[in-house]
Amino acid sequence: MRYRIAPLFCRPWTLNGIAPRLIESHYENNYGGALNRLNAITAELEALDPATTPAAVIHRLKRDEMIALNSTLLHELYFASLGGDGRTLPDALADAVARDFGSVERWRHEFVALASVLAGGSGWVLLSYVPRDGRLINQTGADHGQSIAGAIPILALDMYEHAYHLEFGANASAYIAAFMRNIDWAAVHGRYQDAIKVAPPRPLEQKQFANVPSVTAEEVKAMQDSGAAVQIVDVRPKHYASRAADMMDGAVWRDPERVAEWIGTLSKDEPVVTFCVYGFHIGCETAAALRNAGFDARYMAGGHYAWKAIKGPVKLFK
Ligand SMILES: [Fe+2]
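Because the structure is predicted, anything quoted here is derived from the model rather than measured. (Residues numbered from 1 in each chain as written. Predicted model: local features only at pLDDT ≥ 70, side-chain atom pairs only at ≥ 80, totals over all residues. Heavy atoms only, no water.)

Asker: If you had to explain the overall build of the protein to someone new, which residues and values would you point to?
Answerer: Looking only at helices and strands, the protein features twelve helices and ten strands. Computed over its C-alpha atoms, the radius of gyration of the protein comes to 27 Å, more than 25% above the 20 Å expected for a compact globule of 318 residues. Across its three principal axes, the protein shows a C-alpha extent of roughly 80 × 55 × 30 Å. Residue pairs at least 24 apart in sequence account for 72% of intrachain contacts in the protein once pairs closer than 6 positions are excluded. Carbon and sulfur atoms form 54% of the exposed surface of the protein, whose accessible area is close to 16500 Å². (Helix = DSSP H or I, 4+ residues; strand = E, 2+ residues; numbered from the N terminus. Rg over C-alpha atoms; globule rule 2.2 N^0.38 Å. Contact = heavy atoms within 4.5 Å. Areas by Shrake-Rupley, 256 points an atom, 1.4 Å probe, with all protein chains shown as cover.)

So, in structure tokens, the structure goes:
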């Protein structure tokens, strides 16, 4: 047996308005059921020969494995989310929630609203941490197979009917209120502290241009929108630019192979932004050449396509 059952994290007899038998049934039948399915599916997967088994069979088993594994993980998180007084957030977590939701009250209203929508249906409501953005976010999952990729749930509310019907019947709002009364915020904070240690996805690194400052497409857009004086030079290679249909509005195109011919048209009193197609080489090299000549030049990361992707204004190429 590959997957082992996790002991019940919360103490059912301490919960306020959630009867022990509801937690016991949930733990034994639904969490235990998911774990048993997971082990059975895993055994099936390990027993088959992937070289001879039809791909559709493998695919179905892997899909079932993912659902059972996610159900197992989320149920463990759900039980670990309960056992507190639902009120007292540790200061550091309260600050993080206020930073990302406006206030703890706003977070609570959004979380409960998401749960209410799932009442009578099924699914999960999760408070998750997204390492890439360094932010907390609420999400719902209509089944075990849906979650934010790369996000780390730190609080789970089970809105499957099996989580409340036994005691609450159709009165899902009473169940939601009882859940909220029992959140173990100290445990949530412990998981938040663990989650923020996870490194965000590695950013694009261009070691050869480490000394050339860059600017994001959004920052260039903000400069344009504010009317700031900036000279923007599209230096997409001539063979590419000659086929281009459009270019950034507010930019001028210059041939990156003839910098010496046009460098004199730029002013040293205003910053310069250069960019190429994707932001890998030409824009960086041109910015470096301009900096060597004494200009306050930066390259726009992501180039022309980053600009297009943020829906920056474009004009016909000329
Ligand atoms: Fe459940």
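Asker: Let's hear about the sheet that holds strand β3 (residues 152–158): which residues, and what values?
Answerer: Taking strand neighbours across the sheet as the criterion, the three strands line up as β2-β1-β3 in an open arrangement whose pairing is antiparallel. Where the open sheet ends on each side, the last strands, each with one partner, are β2 (135–141) and β3. Adjacent strand axes in the sheet meet at a mean angle of 20 degrees, parallel and antiparallel pairs treated alike. Where strand β1 (residues 124–130) and β3 come together, six bridges link them in antiparallel fashion. Looking at the pairing, L126 lines up with A156 of β3. Against the sheet, helix α4 (residues 104–118) makes contact with β1, β2 and β3, and its axis sits at roughly 140 degrees relative to β1, the strand it touches most. (Pairing = 2+ DSSP bridges. Axes fitted to C-alpha atoms, helices over the stretch in contact; angles between N-to-C directions.)

Asker: Describe the packing of aromatic side chains, and please don't skip the residues or the numbers.
Answerer: Two numbers describe a pair of aromatic rings. These are the distance of the centres and the angle of the planes. Applying the stated rule across the entire model yields 14 aromatic pairs. Ring geometry for Y78 versus W124: centroids 6.4 Å apart, planes at 75 degrees, classification edge-to-face. Of the two residues, Y78 sits in helix α2 (residues 55–80) while W124 sits in strand β1, which places them 46 residues apart along the sequence. For Y78, a relative accessible area of 1% translates into the label buried. With a relative accessible area of 1%, W124 lands in the buried category. Here the basic side chain of K268 rests over the ring of F295, its NZ or CZ set 5.3 Å away from the ring centre. (Phe/Tyr/Trp six-rings, centres within 6.5 Å; stacked < 30°, edge-to-face > 60°. Buried < 20%, exposed > 50% of the residue type's maximum accessible area, 1.4 Å probe, protein only. Lys NZ or Arg CZ within 6 Å of the ring centre and 35° of its normal.)

Asker: Before we move on, could you go through the pairing of strand β8 (residues 272–275) and cite the residues and values that matter?
Answerer: Alternating residues of β8 divide into V272 and T274 and V273 and F275, and every residue in both groups is buried. Where strand β5 (residues 231–234) and β8 come together, four bridges link them in parallel fashion. Across the sheet, residue Q231 finds its bridge partner in β8, namely V272. Across three bridges, β8 lies against strand β9 (residues 297–300) in parallel orientation. From the neighbouring strand, V272 faces β9, where its bridge partner is A297.

Asker: Could you give an account of the environment of A251, naming the residues involved and the relevant values?
Answerer: Relative to the elements of secondary structure, A251 occurs in strand β7 (residues 251–253). Residue classification places A251 among the buried residues on the basis of a relative accessible area of 2%. Separated by 63 residues in sequence, A251 and V314 place their C-alpha atoms 9.1 Å apart. Those residues in contact with A251, other than ones at most four positions away along the chain, are I232, D234, F275 and K315.

Asker: Give me the lowdown on the pairing of β2, citing residues and values where you can.
Answerer: Both β1 and β2 contribute to a ladder of seven bridges, which runs antiparallel. Residue pairing for β2: L127 is matched across the bridge by N138. Between β1 and β2, which follow one another and run antiparallel, lie four residues, and G134 among them has a positive phi close to 60 degrees.

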